[in-house]
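Descriptive analysis of the structure
Listed below, chain by chain, are the residues.
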Amino acid sequence: MAERPERGKVASYIPELAKIDPRKFGLVVVSNDGEIAVAGDSEAPFSIQSISKVFTLTLALGKIGDRLWQRVGREPSGSAFNSIVQLEYEKGKPRNPFINSGAIAVTDVILSGQPREALGEILRFMQFVADDNAIKIDDEVAASEQRTGYRNAALANYMKSFGVLDNPVHFTLGVYFHHCAIAMNCRQLAMAGRFLANNGINPSTGMSVVTPERAKRINSIMMMCGHYDGSGEFAYRVGLPGKSGVGGGILAVAPGKASIAVWSPGLDETGNSYLGRIALEQLTRRMGWSVFGA
Ligand code: GLN
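Below or above, wherever it landed, is the structure these notes cover. (Residues numbered from 1 in each chain as written. Predicted model: local features only at pLDDT ≥ 70, side-chain atom pairs only at ≥ 80, totals over all residues. Heavy atoms only, no water.)

In terms of residue burial, strand β10 (residues 249-254) counts as a mostly covered element, since 6 of its 6 residues are buried. On β10, burial covers both faces: Gly249, Leu251 and Val253 on one face and Ile250, Ala252 and Ala254 on the other are all buried. Sheet topology places strand β9 (residues 242-244) next to β10; 3 bridges connect them, and they run antiparallel. Within β10, the residue paired with Ser244 across the bridge is Ile250. (Buried < 20%, exposed > 50% of the residue type's maximum accessible area, 1.4 Å probe, protein only. Helix = DSSP H or I, 4+ residues; strand = E, 2+ residues; numbered from the N terminus. Pairing = 2+ DSSP bridges.)

Looking at where Asn32 falls in the secondary structure, it is placed in the loop between β2 (26-31) and β3 (36-40). Remark: the alpha-carbon pair of Asn32 and Tyr228, spanning 196 residues in sequence, is separated by 28 Å. Once you skip the residues sitting within four places of it in the chain, Asn32 turns out to touch Ala197, Asn198, Pro203, Gly256, Lys257 and Ala258. Here Gly256 takes part through its backbone oxygen, which lies 3.4 Å from a polar atom of the side chain of Asn32. (Contact = heavy atoms within 4.5 Å. Polar contact = N/O pair within 3.5 Å; in protein donor to acceptor, adjacent residues only side chain to side chain.)

Next up on the list: the packing of helix α6 (residues 150-161) against helix α7 (residues 169-180). Where α6 contacts α7, the two axes come as close as 10 Å, and the packing angle between them is 135°. Here α7 runs oblique to α6, going by the angle between their axes. Considering only the axes of α6 and α7, their crossing is right-handed. Contacts between α6 and α7 involve Asn152, Ala153, Ala156, Asn157 and Lys160 from the former and Val169, Leu173, Tyr176 and Phe177 from the latter. Classifying every residue of the contact of α6 with α7 by side-chain character gives 6 nonpolar, 2 polar and 1 charged. (Axes fitted to C-alpha atoms, helices over the stretch in contact; angles between N-to-C directions. Parallel < 35°, antiparallel > 145°, perpendicular 65-115°, else oblique. Left-handed = near helix turned anticlockwise from the far one by under 90°. Nonpolar A, V, L, I, M, F, W, Y, C, P; charged D, E, K, R; others polar.)

This is the structure:
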């Protein structure tokens, strides 16, 4: 990938993310039988941002099950990750758990179950699924977003006015900004995605993280909504469930085969990693991993 000059633009609306070197590139594949393939900056930590929403969705479903869908939909939005317009038409109920409004509502559910410990619970869950206690939150990124997250504050206040959030808006947003600021490298992220590639089971311990049914459903939401208004293009080109973050990471799941993490900080106009998607397209084509056929 080093020879590709076009890399998109690093996110700058979170000031701390604007400092990241756009030339970074990392890729890690962890197969279901435990083989690991690495390339590039696979050990460099980056801000996982919206990729954290896969794990908060998993936790919230664990807490309240299908009742979650009374608060958040599961349809693609066809609009930007931070869009406000749909919320008014749909009376404060976010389209899906991966756009910002939906993820904030999911965070609120976790906070209600665990008022003092929500953030710790999210971080520990991440460490558990990745088998790695070294994973941390980057407090500077969290503080940077907390200072400037006006749009997320607008979304949260708007949902609160419809009674979609139970907790005080600043609590929910505080937890949301901090879980978005979890820093991981590609290896840790690919490890964390293994349960989704492996019918809900963590392959190194053999322990069930979620039921096979739930893993399948989380994957389907990643496929339909994981790249916002770029989800159709991602499905068309890569053909795997995937979740992006504005830090430039993508977690992709080849069900029954492998968990894949890629990182390239430059973003396309839909806020998804520009080179990350190209790399995944090449990988899935070479491996015949698209869920839609070889
Ligand atoms: N924390 C970011 C935000 O709320 C996450 C967005 C993203 O990664 N797409 O704007």
